[in-house]
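Inside the fold
Read off the chains here:
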Amino acid sequence: MKKTHLRLHALVLALSAIGTGAHAAASLQGAADLIGAARTESIGFSGTGRWFQFGQAPAPTLPWPAFELSSYSADINYAQPAARVQIVRKQLTEAGRARPLALEQRVDQYVGAGRAWNLAAPANAAAGAAPVASAQPGALAERNAEIWSTPQGFLRAALANSARTTTLKDGAAVSFTIDGKYRYVGQINAHNQLERVRTWIDNPVLGDTLVETRFSGYKDFNGVQFPTHIVRLQGGHPVLDLTVDAVRANPALALSTPAEVEKDAPPVKVTSTKLADGVYYFTGGTHHSVVIEQHDHIVVVEAPLNEERSLAVIAKIHETIPNKPIKYLINTHAHFDHSGGLRTYVDAGATVLTHAANRAYYQGVWAAPHTLNPDLLAGSKKAARFDTFTQKRVLTDGNRAIEIYPIDGNSHNDAFALVYLPAEKILIEADAYNPVASTQAPTAAPNPYSVNLYENIEKLKLDVDQIAGLHGPRVVKLDDLRVTIGRAAGVN
C-alpha cells in the first residue's frame with residue numbers, strides 16, 4: 001500500500017511537471033521559432049495611439065507631454081540594419097494648461113549605415129516643396145535601439161550575439177551586448193513570447209538612460225506573430241503607447257544615406273554678438289546663450305543641448321573675456337534641450353542658479369551613471385553647487401545688476417525663469433517667445449506662452465528695449481513681441 005501511494009505521488013508530480021512544462025521549455029530558440037525570427041529579414045507595422053515628448057515635462061516630476069498618434073508606420077530592415085518611421089501627431093491639451101494651437105505634425109525619420117536623419121520641407125517653404133534631409137546624430141543610438149527592441153529584432157540579435165539565457169520561474173531572461181557597448185535584456189514568458197526588452201542609451205541629462213519596451217496581446221497577422229500593444233518607456237515615463245493594427249512580413253526597405261547626411265558633423269560653431277558693454281549674445285545653432293561680464297567674474301545664461309556645445313561656448317567666452325572665471329550659470333528651466341550642457345559648467349566650477357523646484361531633480365538625475373558616454377563631470381566627480389530662487393533674485397557686482405524672475409503662470413513649465421538687465425534694458429528668455437525672421441508673418445493664433453510672458457513683463461514693470469531669445473534668428477524689440485501676440489503698443 002505504501003509503494004502504491006509513492007507511485008501515485010510520483011505520477012501526480014510528473015503530471016504536474018507536464019502541466020507546467022511550458023515554463024521549463026521557455027527558451028531563446030523556442031521564442032525565435034514561434035515568431036519566425038530567422039525568416040523575418042524585415043518587418044513593417046502600423047497603428048495608432050499616443051506619443052510623448054521626451055525631456056519636455058512641464059515640471060521636473062511630471063511625465064513627458066502627450067500627443068495623439070493618428071498614424072504610426074514603421075519599416076525595419078534587420079539585415080541592413082535600417083529603419084524608417086513615419087508618424088502623424090497632434091499635442092493633447094492638459095487640464096489647467098494653455099497650449100499653443102495644436103497643429104498636425106508629420107515626422108519622417110530614418111536610421112541606417114551609422115547615420116540618423118529626418119526628411120522635411122524647409123521652414124517657411126512654399127506648399128509642395130521637396131523635403132530635404134537633416135542629420136540627427138543625437139538620435140542615432142535611440143533609433144538603433146528601436147530596431148533591436150522589436151520582437152523579431154531582439155531575437156535575431158540575441159541569436160547573432162551569443163546571448164546568455166537564464167531560466168526564470170515563469171520563463172527565461174535573455175541578455176547580450178551589441179558593439180561591445182549596448183546591453184540588451186529581454187524577458188520571455190512561459191508561452192515563448194517576448195514580453196519585455198530593456199536597453200540603455202546615453203542622454204546628456206540622465207546619463208545611462210533605460211529604454212524599456214513592453215509587448216502584449218500577441219496575435220497572428222497573416223502568418224506573423226506580433227504584439228497588438230507596444231509600450232515604450234524612456235527615463236521612467238512612456239514615450240510611446242501603440243495599438244498595432246497591421247503587420248507586414250519582409251517588406252522591401254533599402255535605404256541609402258543622403259549625401260548631405262554622409263558628411264561628418266562640422267565642429268560646433270559659436271558666434272559672439274555684442275549687445276551692450278560686457279553683454280554678449282552667443283549664437284551659432286538652434287540654441288543660444290547670453291554671457292555677462294561682471295567685475296571679477298562671468299555669468300552665463302543657459303547651457304543648452306550637450307557638453308560639446310558647452311565646451312565650445314566656454315572656449316568662446318575665454319576668448320571674448322579672458323582671465324575671468326565663470327561664477328554662475330543661470331538655467332531658465334529643466335527641459336533637456338536647455339539643460340543638457342549644465343554638467344559641463346559644474347565641472348568647470350560654476351554654480352548653477354535655477355528655480356528651487358529644479359534643484360532636487362538635477363541632484364537626483366545627475367547621480368545616475370554616465371558610462372556609455374562619460375562626460376567631464378563623470379570623470380572629475382565634482383559635487384554640484386546650486387543657488388536657487390522662488391521669487392526675484394538679483395546678482396550684482398556693485399555696478400551691473402542681473403535680475404532673475406520666475407515666469408509666473410506660464411504653462412510651458414512650472415519652474416521657469418527670465419533674466420533682465422535693468423541698466424541695458426535687455427530681457428533674456430527661452431521658449432516663452434521664439435522670435436522669427438523679420439519676413440515671417442505672426443501665427444494666426446497667439447502663442448499663450450508669449451502672451452503670458454508679456455503679461456509678466458507688464459506686471460513686473462520691466463522697461464524692456466531688446467529681447468534676446470535663446471531660440472530664434474535675431475534679437476528683437478518689445479514691439480515685436482506685441483505684434484506677435486496682437487497687442488498694439490500701449491494697449492493691455
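Note that the structure is a prediction, hence the values are computed from the model and not measured. (Residues numbered from 1 in each chain as written. Predicted model: local features only at pLDDT ≥ 70, side-chain atom pairs only at ≥ 80, totals over all residues. Heavy atoms only, no water.)

Some thoughts on helix 7 (residues 307-320)
End to end, helix 7 covers 20 Å across 14 residues, agreeing with the expected 20 Å (1.5 Å per residue, within 8%). Those residues of helix 7 that sit buried are E307, R309, S310, A312, V313, I314 and I317. For helix 7, the N-terminal cap is N306; the gap from its side-chain oxygen to the backbone nitrogen of E308 is 3.3 Å. (Helix = DSSP H or I, 4+ residues; strand = E, 2+ residues; numbered from the N terminus. Expected span 1.5 Å × (residues − 1). Buried < 20%, exposed > 50% of the residue type's maximum accessible area, 1.4 Å probe, protein only. Polar contact = N/O pair within 3.5 Å; in protein donor to acceptor, adjacent residues only side chain to side chain.)

Some details on the packing of aromatic side chains
Going through the model one piece at a time under the given rule, you end up with 14 aromatic pairs. On the basis of an interplanar angle of 90° and a centroid distance of 5.3 Å, the ring pair of F54 and F336 is categorised as edge-to-face. Taken together, the residues span a long stretch of sequence, with F54 in the loop between strand 1 (42-52) and strand 2 (66-77) and F336 in helix 8 (residues 336-339) at a distance of 282 residues. Arranged with centres 5.1 Å apart and planes meeting at 50°, the rings of F154 and F176 form a pair that is tilted. Here F154, found in helix 5 (residues 151-160), pairs with F176, found in strand 8 (residues 171-178); they are 22 residues apart in sequence, far enough to count as distant. Since its relative accessible area comes to 0%, F154 is described here as buried. Using a relative accessible area of 4% as the deciding quantity, one classes F176 as buried. One aromatic cluster is present, formed by Y361, Y362, W366 and F386 through successive ring pairs. It is R89 that lies over the ring of W51; its NZ or CZ is 3.9 Å from the centre. (Phe/Tyr/Trp six-rings, centres within 6.5 Å; stacked < 30°, edge-to-face > 60°. Lys NZ or Arg CZ within 6 Å of the ring centre and 35° of its normal.)

Quick look at the side chain of H355
Tracing the backbone shows H355 in strand 19 (residues 351-355). Since its relative accessible area comes to 13%, H355 is described here as buried. Here the side chain of H355 touches A357 through a polar contact of 3.0 Å, landing on its backbone nitrogen. Not counting the four nearest positions on each side in its chain, H355 is found in contact with T388, F389, T390, P406, A415 and F416. (Contact = heavy atoms within 4.5 Å.)

Focus: the sheet that holds strand 20 (residues 386-389)
With mixed pairing, the seven strands of this open sheet are ordered in space as 14-15-16-17-18-19-20. Every interior strand has two partners, whereas the edge strands, strand 14 (271-276) and strand 20, have only one. Adjacent strand axes in the sheet meet at a mean angle of 25°, parallel and antiparallel pairs treated alike. With respect to the sheet, helix 7 is in contact with strand 14, strand 15 (279-283), strand 16 (289-293), strand 17 (298-301) and strand 18 (326-330), its orientation differing from that of strand 15 by roughly 145°. Sitting on the sheet, helix 10 (residues 356-366) is in contact with strand 19 and strand 20, with an inclination near 125° to strand 19. (Pairing = 2+ DSSP bridges. Axes fitted to C-alpha atoms, helices over the stretch in contact; angles between N-to-C directions.)

Examining the packing of helix 3 (residues 28-35) against helix 5
Look at helix 3 against helix 5: their axes get within 10 Å of each other, and the N-to-C directions meet at 135°. Taken together, the axes of helix 3 and helix 5 lie oblique to each other. The hand of the helix 3/helix 5 crossing is left-handed. Facing L28, Q29, A31, A32 and I35 of helix 3, the residues of helix 5 in contact are P151, Q152, L155, A158 and L159. Looking at side-chain class alone, the contact of helix 3 with helix 5 contains eight nonpolar, two polar and no charged residues. (Parallel < 35°, antiparallel > 145°, perpendicular 65-115°, else oblique. Left-handed = near helix turned anticlockwise from the far one by under 90°. Nonpolar A, V, L, I, M, F, W, Y, C, P; charged D, E, K, R; others polar.)

Concerning the pattern of salt bridges
For the structure on display, the rule yields 22 salt bridges. Its salt-bridge partner being E94, residue R99 comes within 2.7 Å of it at the nearest N-O pair. Residue classification places R99 among the buried positions, given a relative accessible area of 15%. On the basis of relative accessible area, E94 is assigned to the partly exposed category, the value being 26%. A salt bridge links E319 to K316; its shortest N-O distance comes to 3.2 Å. (Salt bridge = Lys/Arg side-chain N within 4 Å of Asp/Glu carboxyl O.)

Looking at the confidence of the model for the protein
On average, residues of the protein carry a pLDDT of 93, and 94% of them reach 70 or more. Per-element confidence in the protein is highest for strand 17, whose mean pLDDT is 99, and lowest for helix 1 (residues 2-19), whose mean pLDDT is 37. (pLDDT = per-residue confidence, 0-100.)

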